[in-house]
Amino acid sequence: MEDIFKKRKDKLRTLKDMLAKSDNYSEEPASKVPDSGVFVKCPTCGAEYTKTEFSRSCYVCTNCGYHQPISAYYRLSLILDSGSFRELNGGVEPNDPLNFPGYIQKVENISEKTALNECVVTALGRIGGIQAVVGVMDSRFLMGSLGTATGEKITQAVEYADKHKLPLIMFCASGGARMQEGIFSLMQMAKTSAAVARFSANGGLYISCLTHPTTGGVSASFATLGDITLAEPNALIGFAGPRVIEQTIGQKLPAGFQRSEYLEEHGFVDHIVPRSEMRDTLALLLKMHVKGGAQNA
């Protein structure tokens, strides 16, 4: 297993460096960016906005509340204190353990387009003045599928938080296991879950934030092991999709089944948090649960 990961020498990269390559970023605050006049349409209700208007709402439809998936670095910029970002384990990249045809070329093409090495970015930063380890999954990279490098980066982040006695926050978004890596992908479910179990046994605080969609092997492992589980509005959360379940059991599912509101009502999710309130919510939770948090804020 020691040669399963491609590794490169880490370079010191600022959040601004990576944001400049993100789909959801402008170097100027949205309020100061001239309106481009280019319109985008909400895929849920059809409301139209200029791109600038949409960015001012953090890519949330102000008409129906639809939360558009956003890039990992952009999400980090929304929740971390300015200047506190430090990327962890950025040198871990996927390899091709099964010699799957076309896999490496596909990864290289996506990496060039997204500036991502994997579907998860792990970082050290502060939220409301309190230091934490934060991981964010990015669905633009192979639909956030769980691969060997994904599991390695998450496990290393959990172990870093454990070693340094820091809280852990994970933003999850995934379509499931990575088929190009077969059984090696499925092994990451046990690997990440074991790391979280050790972290929890040592008294670590783990906050899991479920975004749209969180499914498959990710939902069946580290995503649903949080001490506190938050979710964005109307996120699809579950192992198999609704259509697969209906076809399997031959029954119609309840309205809203597997959406975050349904799961909150049934006790699976602790609280639904709109994107605009996520940073403040996390800061409050850290102050409440991290020893000395109020003093360090």
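Residues numbered from 1 in each chain as written. Predicted model: local features only at pLDDT ≥ 70, side-chain atom pairs only at ≥ 80, totals over all residues. Heavy atoms only, no water.

With that settled, consider the overall build of the protein chain. Secondary structure assignment for the protein chain yields 11 helices and 12 strands. Residue burial in the protein chain is summarised as follows: out of 297 residues, 52% are buried. Taking the intrachain contacts of the protein chain between residues at least 6 apart in sequence as the baseline, contacts between residues at least 24 apart amount to 68%. Carbon and sulfur atoms provide 52% of the accessible area of the protein chain, an area that totals close to 14300 Å². (Helix = DSSP H or I, 4+ residues; strand = E, 2+ residues; numbered from the N terminus. Buried < 20%, exposed > 50% of the residue type's maximum accessible area, 1.4 Å probe, protein only. Contact = heavy atoms within 4.5 Å. Areas by Shrake-Rupley, 256 points an atom, 1.4 Å probe, with all protein chains shown as cover.)

A few words on the confidence of the model for the protein chain. Considering every residue of the protein chain, the mean pLDDT works out to 89; 86% of them sit at 70 or more. Scored below 50 in pLDDT, residues 7-12 makes eight contacts in the model with residues more than four places away or belonging to other chains. A low-confidence stretch, residues 25-34 stays under pLDDT 50, and its non-local contacts, those more than four residues away or across chains, total 15 contacts. (pLDDT = per-residue confidence, 0-100.)

Another point: unusual backbone geometry. A cis amide bond, omega -15 degrees, links histidine 212 with the succeeding residue proline 213. Note on placement: proline 213 falls in strand E9 (residues 206-215). Residue cysteine 58 is not a glycine yet carries a positive backbone phi of 60 degrees. Along the chain, cysteine 58 turns up in the loop between helix H2 (51-56) and helix H3 (72-79). The backbone phi angle of asparagine 234 is positive, close to 60 degrees, even though this residue is not glycine. Within the fold, asparagine 234 resides in the loop between strand E10 (228-231) and strand E11 (237-238). On the accessibility criterion, asparagine 234 (41% relative accessible area) is partly exposed.

All right, on to a nonpolar patch on the surface then. Together, Leu98, Phe100 and Met179 line one region of the surface with nonpolar side chains, adding up to about 300 Å² of accessible area. Among the structural elements, leucine 98 can be located in the loop between strand E5 (92-93) and helix H4 (103-114). Accessibility expressed as a relative area gives 40% for leucine 98, which makes it partly exposed. (Patch = residues over 30% accessible without salt bridge, like charges linked within 9 Å, V, L, I, M, F, W, Y side chains within 5 Å. Salt bridge = Lys/Arg side-chain N within 4 Å of Asp/Glu carboxyl O.)

Two elements in contact, helix H5 (residues 148-163) and helix H6 (residues 182-201), have axes separated by 9 Å at closest approach and are oriented at 5 degrees. Between H5 and H6, the crossing angle belongs to the class labelled roughly parallel. Contact residues: H5 offers Thr148, Gly151, Glu152, Ile154, Thr155, Val158, Glu159, Ala161 and Asp162, while H6 offers Phe184, Gln188, Lys191, Thr192, Ala195, Val196, Arg198 and Phe199. Residue composition of the contact of H5 with H6, by class: seven nonpolar, five polar and five charged. (Axes fitted to C-alpha atoms, helices over the stretch in contact; angles between N-to-C directions. Parallel < 35°, antiparallel > 145°, perpendicular 65-115°, else oblique. Nonpolar A, V, L, I, M, F, W, Y, C, P; charged D, E, K, R; others polar.)

Looking now at empty space enclosed by the protein. Scanning the model with the defined rule gives two cavities of 30 Å³ or more in all. By volume, the largest cavity is sized at about 50 Å³. The wall of the largest cavity is formed by Pro69, Ile70, Arg75, Met137, Ser139, Ala173, Thr211 and His212. Class assignment for the residues of the lining of the largest cavity results in four nonpolar, three polar and one charged. When its volume is computed, the second largest cavity comes out at roughly 30 Å³. Every residue lining the second largest cavity is listed: His67, Gln68, Pro69, Arg75, Thr211, His212, Glu232 and Arg275. (1 Å grid on protein atoms, 1.4 Å probe; cavity = no way out; pocket = protein on both sides within 12 Å on 5 of 7 lines; lining within 4 Å. Points joined across faces, edges and corners; volume = space filled by probe spheres on them.)

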